[in-house]
Amino acid sequence: FWCYNINMSEESEPTAGAQFDTVTPENYEAASQELSRLTWEGDYDKALPLADKLLAHRTERGERDTALVSHASTYYSAASRIWSERKTRGTFKSLWGAGKAMLTALRSLDERIGSEERKQGGPRNDGSIPSLDGMSVDELDVTQTVYRRAGEVVHAVSKKIPIVNSIVQFFAPTRTGNFVRDCDTVAVHAIDTGLKKIDAAKAAGETVVPHTEIFLNGGALEIATRHGQVDQVAARSQKILELGGQYPWPPLDASADYVAGHMTDFGQAVRVARKLADAARAVGDTAKAEEYESIARQYAQFVPDQKAKL
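All of these numbers come straight from a predicted model, not from anything done at the bench.

Quick look at the overall build of the chain
Turning to step 1, where the next piece is worked out: Helices and strands together make up the secondary structure of the chain, namely 14 helices and zero strands.
Turning to step 2, where the next piece is worked out: Listed N to C, the secondary structure of the chain is α-α-α-α-α-α-α-α-α-α-α-α-α-α in terms of helices and strands.
Turning to step 3, where the next piece is worked out: The buried share of the chain, reckoned over its 310 residues, is 48%.
Turning to step 4, where the next piece is worked out: Looking at the chain alone, contacts between residues at least 24 apart form 69% of all its contacts between residues at least 6 apart.
Turning to step 5, where the next piece is worked out: Approximately 15,200 Å² of the chain is accessible, and the part contributed by carbon and sulfur atoms is 52%.

In structure tokens form, the structure reads like this:
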């Protein structure tokens, strides 16, 4: 979608543990599990170098396309953590750290989308983005999340510091010259494609991961809210709350061992509860919003990274 002018990633340092100085076929599964643990615990000093090593290993295995999205997800999570702590980290430090991590995530997704574009004959003359049908629902969810959040942050910061938009455009030149608009375009395209895939899977009687549909609709809700699309806000909110009523919440009275083995489930529960709170708030149901915010806080107690982002 766009090409970055500078390399925002730093060379990986051997901080992910001696056993993963090099990712091999023999330790790949263990390294992947370790990355998941480090991410949910918010230990990005170790998680990011390990993510880089996993990307390099999967590239050697011919799996770069799929690995790029996982790589982007880890860097996006780091960017979100830094951004959420910006008041305590110092303005410049937080802006630089969050921006660098976010641009690394965007670069990985840009390459993934570019791969789809090449399969479809190369760049379009009209500047439009390619079909994303070749990407999985999970890949589309990561894509919409990262692009939407990047556009949202730049939009918010640019209101206070107008020059930020020009700086971002220099580092990440887009097809139309409008970073925020292009981010929203990619996000909406990924959301629409993902929801169509989910509808097709349901029609075929396939099992659909419950949180993904909520996240896709949640992304659409945030974009509709930012653009003042009242009808879409109401429709997306209603859908999210409907899906929330069917969500399989993990047990809050679980043992420490159970939580450790199901950290992803607890982390996703925090994110789901926050999306439900946003949907309830969007339709004016303050009591329901507070209920879901309370649920998010309860699950976040088990997931350090999510707790820090509340």
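Next comes the rest of the write-up.
Remarks on the environment of R148
Turning to step 1, where the next piece is worked out: Considering the arrangement of structural elements, one finds R148 in helix α6 (residues 137-160).
Turning to step 2, where the next piece is worked out: Judged by relative accessible area, R148 falls into the buried class, the value being 4%.
Turning to step 3, where the next piece is worked out: Apart from the residues lying within four places of it in its own chain, the contact partners of R148 are A187, G219, E222, I223, R226 and K275.

A word on the packing of helix α1 (residues 28-41) against helix α2 (residues 44-60)
Turning to step 1, where the next piece is worked out: Between α1 and α2, whose axes approach to 9 Å, the crossing angle comes to 145°. Here the hand of the crossing between α1 and α2 comes out left-handed. Residues Y28, A31, S32, E34, L35, L38 and T39 of α1 touch α2, and the partners they reach there are Y44, K46, A47, L50, A51, L54, H57 and R58.

Some words on the pattern of salt bridges
Turning to step 1, where the next piece is worked out: On inspection of all chains with the given rule, the structure shows 23 salt bridges.
Turning to step 2, where the next piece is worked out: A salt bridge links R112 to D65; the nearest nitrogen and oxygen atoms lie 3.9 Å apart. Of this pair, R112 sits in helix α5 (residues 91-119) while D65 sits in helix α3 (residues 64-84); the two residues are 47 residues apart in sequence, bridging distant segments of the chain.
Turning to step 3, where the next piece is worked out: You can call R112 buried: its relative accessible area is 4%.
Turning to step 4, where the next piece is worked out: Judged by its relative accessible area of 24%, D65 is partly exposed.
Turning to step 5, where the next piece is worked out: Three or more residues joined by partner-sharing salt bridges are found here, namely D65, R112, E116, K119 and E139.

Concerning the packing of aromatic side chains
Turning to step 1, where the next piece is worked out: Taken as a whole and assessed by the stated rule, the structure comprises five aromatic pairs.
Turning to step 2, where the next piece is worked out: A connected cluster of aromatic rings, assembled from ring pairs, spans Y247, W249, Y258, F266, Y299 and F302.
Turning to step 3, where the next piece is worked out: Note that R61 overlies the ring of Y28, its terminal NZ or CZ placed 4.4 Å from the centroid.
Turning to step 4, where the next piece is worked out: It is R271 that lies over the ring of F215; its NZ or CZ is 4.0 Å from the centre.

Here we look at the packing of helix α9 (residues 210-226) against helix α12 (residues 263-282)
Turning to step 1, where the next piece is worked out: At a closest axis distance of 10 Å, the pairing of α9 and α12 adopts a crossing angle of 40°. With respect to α12, the element α9 is oriented oblique. Considering how the two elements wind past one another, α9 and α12 form a crossing that is left-handed. Across from H211, I214, F215, G218, L221 and E222 in α9, the residues of α12 making contact are Q268, R271, V272, K275, D278, A279 and A282.
Turning to step 2, where the next piece is worked out: Along the lines of polarity and charge, the residues of the contact of α9 with α12 split into six nonpolar, three polar and four charged.

Digging into the side chain of R81
Turning to step 1, where the next piece is worked out: Tracing the sequence through the fold places R81 in helix α3.
Turning to step 2, where the next piece is worked out: Apart from the residues within four sequence positions on either side, R81 is in contact with E41, G42, Y44, D305, A308 and K309.

Topic: the confidence of the model for the chain
Turning to step 1, where the next piece is worked out: Overall, the predicted model of the chain reaches an average pLDDT of 88, with 83% of residues at or above 70.
Turning to step 2, where the next piece is worked out: At the level of individual helices and strands, the chain shows its lowest average pLDDT in helix α4 (residues 86-89), which scores 60, and its highest in helix α13 (residues 286-300), which scores 98.
Turning to step 3, where the next piece is worked out: Confidence over residues 1-18 falls short of pLDDT 50; this stretch has 51 contacts with residues more than four positions distant or in other chains.

A word on helix α8 (residues 179-203)
Turning to step 1, where the next piece is worked out: Here α8 spans 36 Å end to end across 25 residues, near enough to the 36 Å set by a 1.5 Å rise per residue.
Turning to step 2, where the next piece is worked out: Just beyond α8, the residue with positive phi is G205, at close to 80°.

Some thoughts on the nonpolar core
Turning to step 1, where the next piece is worked out: If you look at the biggest cluster of nonpolar residues, it comprises 47 residues, and the most contacted ones within it are L50, L54, M102, L106, L109, V146 and Y147.
Turning to step 2, where the next piece is worked out: Listed by contribution, the elements that provide at least two residues to this core are α1, α2, α3, α5, α6, α8 and α9.
Turning to step 3, where the next piece is worked out: Among the elements that take part in this core, α8 stands out by supplying nine residues, more than any other.
Turning to step 4, where the next piece is worked out: With residues near it in sequence (within four places) discarded, V146 still touches Y76, M102, A105, L106 and L109.
Turning to step 5, where the next piece is worked out: Grouped together as the second largest cluster of nonpolar side chains are 26 residues, A254, V259, F266 and Y292 included.

Here we look at the environment of Y258
Turning to step 1, where the next piece is worked out: Considering the arrangement of structural elements, one finds Y258 in helix α11 (residues 256-261).
Turning to step 2, where the next piece is worked out: Once residues within four sequence positions are removed from consideration, Y258 is found in contact with P251 and F266.

The rules behind these values
The written sequence of each chain sets the order in which its residues are numbered from 1. Whole-chain, interface and lining totals are the exception, using all residues; otherwise, since this is a predicted model, local features are given only for residues with pLDDT of at least 70 and side-chain atom pairs are given and counted only at 80 or more. Each side-chain value is worked out from all heavy atoms of the structure, with water and hydrogens disregarded. In this text, helices come from DSSP runs of H or I with a minimum length of four residues, and strands from runs of E with a minimum of two, each type numbered from the N-terminal end. Exposed residues in this analysis have more than 50% of their type's maximum accessible area, buried residues have under 20%, and partly exposed residues fall in between, with area computed by a 1.4 Å probe over protein chains only. The contact criterion used throughout is that any non-hydrogen atoms of two residues lie within 4.5 Å. Per-residue and other accessible areas follow the Shrake-Rupley method at a 1.4 Å probe size, with only the shown protein chains counted as cover for residues. Axis definition: a line fitted to C-alpha atoms, limited for helices to the stretch in contact. Angles are taken between N-to-C directions and run from 0 to 180 degrees. Crossings are assigned a handedness: left-handed for a near helix turned anticlockwise from the far helix by less than a right angle, right-handed for a clockwise turn. Put simply, a salt bridge is a Lys or Arg side-chain nitrogen that is within 4 Å of an Asp or Glu carboxyl oxygen. Only rings of Phe, Tyr and Trp enter the pairing, Trp through its six-membered ring, and a pair is recorded when the two centres are within 6.5 Å. The plane angle decides the type: under 30 degrees is stacked, over 60 is edge-to-face, the rest tilted. Placement of a charge over a ring requires the Lys NZ or Arg CZ to be within 6 Å of the ring centre, with the centre-to-atom vector within 35 degrees of the ring normal. By definition in this entry, angles of less than 35 degrees are roughly parallel, angles greater than 145 are roughly antiparallel, angles of 65 to 115 are roughly perpendicular, and the rest are oblique. Under the scheme applied, nonpolar residues are Ala, Val, Leu, Ile, Met, Phe, Trp, Tyr, Cys and Pro; charged residues are Asp, Glu, Lys and Arg; polar residues are all the others, including Gly. Confidence per residue, as judged by the predictor, is encoded in pLDDT with a range of 0 to 100. Helix span, expected: 1.5 Å multiplied by one less than the number of residues in the helix. Remark: nonpolar core denotes a set of buried residues (Ala, Val, Leu, Ile, Met, Phe, Trp, Tyr, Cys) joined through side-chain atoms within 4.5 Å.

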